Amino acid sequence: MSEVKLAAAVRTEFGKGAARAIRRASQVPAVVYGHGSEPAHITLPAHELGMALRTPNVLLSLDIDGKNELALPKAVQRDAIKGFLIHVDLLLVKRGEKVTVEIPVQAEGDLAAGGNLLEHVLGTLSVEAEATHLPEAVTVSVEGLEAGASILAKDIVLPAGASLVTDADAVVLQVLAAQAEEPAAEETEAAEGAEG
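Residues numbered from 1 in each chain as written. Predicted model: local features only at pLDDT ≥ 70, side-chain atom pairs only at ≥ 80, totals over all residues. Heavy atoms only, no water.

K.L.:
With reference to specific residues and values, describe helix α1 (residues 16-24).
P.N.:
Listing the buried residues of α1 in full gives A18, A19 and I22. End-on view of α1: buried residues confined to an arc of 100°, all on one side of the axis. Residues of α1 that are exposed and point more than 90 degrees away from the buried face comprise K16 and R24. Residues of α1 that are buried in the fold lie against β2 (27-34) and β3 (37-45). Where α1 ends, the next residue or the one after it, S26, has phi of about 60°, a positive value. (Buried < 20%, exposed > 50% of the residue type's maximum accessible area, 1.4 Å probe, protein only. Helix = DSSP H or I, 4+ residues; strand = E, 2+ residues; numbered from the N terminus. Arc of directions from axis to C-beta. Contact = heavy atoms within 4.5 Å.)

Shown next, in the form of structure tokens:
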């Protein structure tokens, strides 16, 4: 996983008006915390941060007043309608440090014939991995699985260096049999009337 370098500026003004002014200047207000240090209030470039956040668990290399810090996004607030970034909370990490993150589960392959349905019971897995080597996702093959089959968290092969935090016996994916729709009551009565 690569690091995304961002230039950060320290914020001195707070409140809704200041936050709106920051966003009008194509910046995003953020807070960096962790490792027992005082939270640092910063601004980050909106476009670059938005592009970086498209990658799950992206590692950000922040230049804060000439000091380089590594951070992971912990909470991202977006506008409910337009989707632009409102605020970001970042957690400081160090090289070699283990952190727990959620990684998406992706299914690949075709189920057995018969119109079966794949249900994603868990969309993500909690894993612990080294902060600079976080997996972006985990892919699971569902090739040829029949109705009633399920894949548990412990059955999924994790990338090297990652360990499972999610309950090992938790169902992640399961295959359901396609349900045939029952004929509508009116159709049934019409068919019985035609027979009689």
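Additional details are given in the paragraphs that follow.
K.L.:
So what about unusual backbone geometry? Which residues, and what values?
P.N.:
Residue S26 is not a glycine yet carries a positive backbone phi of 60°. Inspection of the secondary structure assignment puts S26 in the loop between α1 and β2. A residue is classified by how much of its surface remains accessible, and S26, at 48% relative accessible area, is partly exposed.

Purely geometric numbers; function is a separate question.
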